[in-house]
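# Observations on the model geometry
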Amino acid sequence: MPETHEGRPHAAWHAEYHVVARTNPVIAAFVACFKSVLGYLTLPVYFILHSLYVFVQGIFIRMFKPRPPPEKIKHPYARIAVIGGGLTGVSSAAHAVSHGFEVVLYEAADRIGGIWAHENKTSGLQLNSLLYRFHPAVCWKKAFPQRDEILGEIEKVWKEYRLEERTRLNTPVRQVKQVKRASPDDECQGNPLEQLTSGLPSQWYINAGEDGPFDALIGLVEKHEQWTYQGPVLHSSQLDYATPEVLHNKTVAVIGSGASGVEAVETVLARGVDRCIMFARQDKVRNVIFDVFLSAQPFGREMPFSVAWEQFLALWQYHGVEDLVPRRGLFVSTPVVNDDFLNHVRSGKFRLTTNGIVVDVRESIECGSPLGIGKGVHECIRPTGSDSERSGAAPESEGHVEFKADVVILATGYKRPSLSFLPQELFPKDYERPRLYLQNFSTEDWSVLLTNSAYLNAIGTVDTRILLTFLLDPTTRPTAKDMKLWVDIIRFIKRGAQGGALGFFTYMELMIWIVTFHILRPDRWRWSSFILFGWDVSPDDERLVSLVHEGK
């Protein structure tokens, strides 16, 4: 447990302080006065910072927000199928229609929102919202907005950009058919994939093809992870249903240290649990300033001077909890643990361990159903390391620790979607996700964009305007050979990177990719303002209609 003055734990020191404050009227009066003055100062400071935050976003909106499309696009430049009506799917579809492309948005559920439609009310972004504006029209009210605000912004974009009439709800995509286009002088002989060197896009048909052919495909399917634990447990997405009686004064074991785990810990501590333990495979950190440092890493990996920043951040953010400093290094994965999380560790009510565990559940909750109380269960999670001494619990067996828990919460997040509905030849050996062109394009066909389906530890809405540029201008289109060469070069430059060359990358690295994407191809320079800022392309531009017609 973290210790402070004279070796006493934080929780014990605070308890002793409050006892003294209650018994000494002078100290009590001083504390009350201090809190009163602090309260008066906090309100105007918060108002100023909030107003500045909204003002800065207003500048971004004014500069980069594309105009909503007309009621009817007379001459669409191309038709695009967008699979998935979550945050990323709505953003991609809104970008496309605002620039004159027709879209159909397929969503398996009865409402838009993706995974956010299934999250707890207290769930929120684990990245500062100023660094994650999924569409230029978004205006956040908080630095770390929660579920309802996120869903509200998704719906606002969905309606403003006339996507409501372009959305097929309750329509899961079960099959995608690819039809190759042959160039006029091609006799359609040999390997069909070789025809793609002509730059012609494939045609795509969704399910039975009732919506006709599409010129491009954006795949953004989101699915819940499926678990096979033997006993009844509570999934982190069910915490909204957990009544105070279920959690109050209980010992809770949270399995998983990702974003879902962090939110679960914060939620149950706010609901009055007596003790909370998190079991993690890897330790991570998150802070606004740290996010900036991380995003500035040029190659998304440990660099020769990374140790200097790591030492600074370890001293600055981990004071009092030095034993939680990640052993693998700070610049090797997506950070998800915030300052409040570490403060909970300092308070003594929360503990994090990387042990395997054996949990004896005395009260448990059926996963995926209304909160009924089920029978106890013995569940074993295999360890990734041994750390029983730090956990404070006696080992059940080698590498395992036994804890008595009233409630077990599975906070193991979501899995990446299956791409089984796509033709398998789009992903040849050594070029499966995440080893894709510009992280998101199939190396066999540039008209397949897997935004938010190719990442290992991130989400994003990038590359949509690059796809639109390929559809507009045939001279900008890469060949299969070029796309594979790009992947090979990145793998060579980042050889030895933990997690793989394309398993983790930063904003700085992404910007380097986009800049080189333009610099190395002069024929793309004319599209730079569109790709980078969304300018200069509007619906029904006769010049662009002619350009697209020539490309087909």
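Treat the numbers as computed from the prediction; the structure is a model and nothing was measured. (Residues numbered from 1 in each chain as written. Predicted model: local features only at pLDDT ≥ 70, side-chain atom pairs only at ≥ 80, totals over all residues. Heavy atoms only, no water.)

The subject of this paragraph is the packing of helix α3 (residues 87-98) against helix α11 (residues 464-472). Between α3 and α11, the least distance of the axes is 10 Å, while the angle of their chain directions is 40 degrees. Seen from above, α3 lies across α11 with right-handed handedness. Mapping the contact onto sequence places Ser-92, His-95 and Ala-96 in α3 and Thr-464, Arg-465 and Leu-468 in α11. A class-by-class count of the residues in the contact of α3 with α11 yields two nonpolar, three polar and one charged. (Axes fitted to C-alpha atoms, helices over the stretch in contact; angles between N-to-C directions. Helix = DSSP H or I, 4+ residues; strand = E, 2+ residues; numbered from the N terminus. Left-handed = near helix turned anticlockwise from the far one by under 90°. Contact = heavy atoms within 4.5 Å. Nonpolar A, V, L, I, M, F, W, Y, C, P; charged D, E, K, R; others polar.)

Over its 14 residues, helix α4 (residues 147-160) extends 20 Å from the first C-alpha to the last, a length consistent with the 20 Å expected when each residue adds 1.5 Å. Every buried residue belonging to α4 is among Arg-147, Glu-149, Ile-150, Leu-151, Glu-153, Ile-154, Val-157 and Trp-158, and all of these are buried. Looking at the buried side of α4, the elements it contacts are α3, β2 (102-106) and β3 (167-168). A positive backbone phi angle near 55 degrees is found at Arg-162, which sits one or two residues after α4. (Expected span 1.5 Å × (residues − 1). Buried < 20%, exposed > 50% of the residue type's maximum accessible area, 1.4 Å probe, protein only.)

Moving on: the environment of Ile-154. Among the structural elements, Ile-154 can be located in helix α4. For the pair Ile-154 and Thr-88, spaced 66 residues apart in the sequence, the C-alpha separation amounts to 9.1 Å. When neighbours within four sequence positions are excluded, Ile-154 is seen to be in contact with Leu-87, Val-90, Ile-112, Gly-113 and Phe-134.

The next point concerns the packing of aromatic side chains. On inspection of all chains with the given rule, the structure shows twelve aromatic pairs. Ring geometry for Tyr-106 and Phe-214: centres 6.4 Å apart, planes at 80 degrees, overall edge-to-face. Linking Tyr-106 in strand β2 with Phe-214 in the loop between β5 (203-206) and β6 (216-219), this pair joins segments that are 108 residues apart in sequence. Both residues of the pair, Tyr-106 and Phe-214, count as buried. Measuring from centroid to centroid gives 5.6 Å for Phe-441 and Phe-470, while their planes differ by 55 degrees, and the two rings are tilted. With a gap of 29 residues between them, Phe-441 in strand β19 (residues 441-442) and Phe-470 in helix α11 connect regions that are remote in the sequence. Overall, Phe-441 belongs to the buried group, its relative accessible area being 0%. A residue is classified by how much of its surface remains accessible, and Phe-470, at 0% relative accessible area, is buried. Among the aromatic residues, those joined into a ring-pair cluster are Tyr-437, Phe-441, Trp-446, Phe-470, Trp-486, Trp-513 and Phe-517. Sitting over the ring of Phe-214, Arg-79 keeps its end group 4.5 Å from the ring centre. (Phe/Tyr/Trp six-rings, centres within 6.5 Å; stacked < 30°, edge-to-face > 60°. Lys NZ or Arg CZ within 6 Å of the ring centre and 35° of its normal.)

Our focus in this paragraph is the sheet that holds strand β20 (residues 445-449). Here we have six strands laid out as an open sheet, ordered β3-β2-β1-β6-β20-β19, and mixed in their pairing. For this open sheet the edge positions go to β3 and β19, each flanked by a neighbour on one side alone. Looking at chain direction, β19 and β20 are connected through two bridges and run antiparallel. Directly across from Ser-442, in β20, lies its bridge partner Asp-445. (Pairing = 2+ DSSP bridges.)

We now examine unusual backbone geometry. Geometrically, the link from Arg-433 to Pro-434 is a cis peptide bond, its omega value of 5 degrees lying close to zero. Position of Pro-434 among the secondary structure elements: in the loop between β18 (414-415) and β19. Unusually for a residue other than glycine, Gln-439 sits at a positive phi of about 80 degrees. As for its position among the elements, Gln-439 is in the loop between β18 and β19. At Asp-540, a residue that is not glycine, the phi angle is positive and equals roughly 55 degrees.

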